[in-house]
Amino acid sequence: SLRPQIIVANMGLWWLHFQTKGRNQKGCVAETWMNYEHWLNNTLVLAEEAGASHLLFKTTNFICDDKYTNRYARANHFYRKSDEATIKECFDSIRDSASVTTSNED
């Protein structure tokens, strides 16, 4: 049978990795994070429908900083030092494309 026994769900912050500094993800990526429980449920349903006996959730892979080159090395530099302009640019691009609203109300 070609049906999988194990399904690996690889997810993490790479969904937003280097937003505006080498990659420009669409709003759907941010919406995946905003609807994380829905994504988890869909992953479970997929594994059940495939007949898998195991579902493995894998976290973000770590990449050594010195392995980045060109625009990714530059992006990593700004993200690692928590550059406010870089973080704001990332936030604004996701907010604008995903129709994310912010509120000070809790």
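A word on the overall build of the chain
Check the secondary structure of the chain and you find four helices and two strands. For the chain, the succession of helices and strands along the chain, N to C, is β-α-α-β-α-α. Of the accessible surface of the chain, which amounts to about 8000 Å², a share of 54% is contributed by carbon and sulfur atoms.

Here's the deal with the pattern of salt bridges
If the charged atoms of two oppositely charged side chains come close together, the side chains can form a pair. Under the defined criterion, the tally for this structure stands at one salt bridge. The residue D92 makes a salt bridge to K88 at a minimum N-O spacing of 2.5 Å. With a gap of four residues between them, D92 and K88 both fall in helix α4 (residues 84-98), about one helical turn apart. K88 gets classed as exposed once you look at its relative accessible area, which sits at 51%.

Some remarks on helix α2 (residues 36-50)
Every α-helix winds through 3.6 residues per turn, so residues three or four apart in the chain are directed the same way. The end-to-end C-alpha distance of α2, which contains 15 residues, comes to 21 Å, matching closely the 21 Å that a straight helix rising 1.5 Å per residue would cover. Regarding α2, the residues found buried are W39, T43, A47 and A50. Projected onto a plane normal to the axis of α2, the buried residues spread over an arc of 75° and lie on a single side. Within α2, the exposed residues directed more than 90 degrees away from the buried face are E37, H38, E48 and E49. Just beyond α2, the residue with positive phi is G51, at close to 80°.

Brief notes about unusual backbone geometry
Even without a glycine there, the phi angle at N70 is positive, about 50°. One can find N70 in helix α3 (residues 70-80). Despite not being glycine, S82 shows a phi value in the positive range, around 55°. Within the element layout of this structure, S82 appears in the loop between α3 and α4.

Criteria and thresholds
Residues numbered from 1 in each chain as written. Predicted model: local features only at pLDDT ≥ 70, side-chain atom pairs only at ≥ 80, totals over all residues. Heavy atoms only, no water. Helix = DSSP H or I, 4+ residues; strand = E, 2+ residues; numbered from the N terminus. Areas by Shrake-Rupley, 256 points an atom, 1.4 Å probe, with all protein chains shown as cover. Salt bridge = Lys/Arg side-chain N within 4 Å of Asp/Glu carboxyl O. Buried < 20%, exposed > 50% of the residue type's maximum accessible area, 1.4 Å probe, protein only. Expected span 1.5 Å × (residues − 1). Arc of directions from axis to C-beta.

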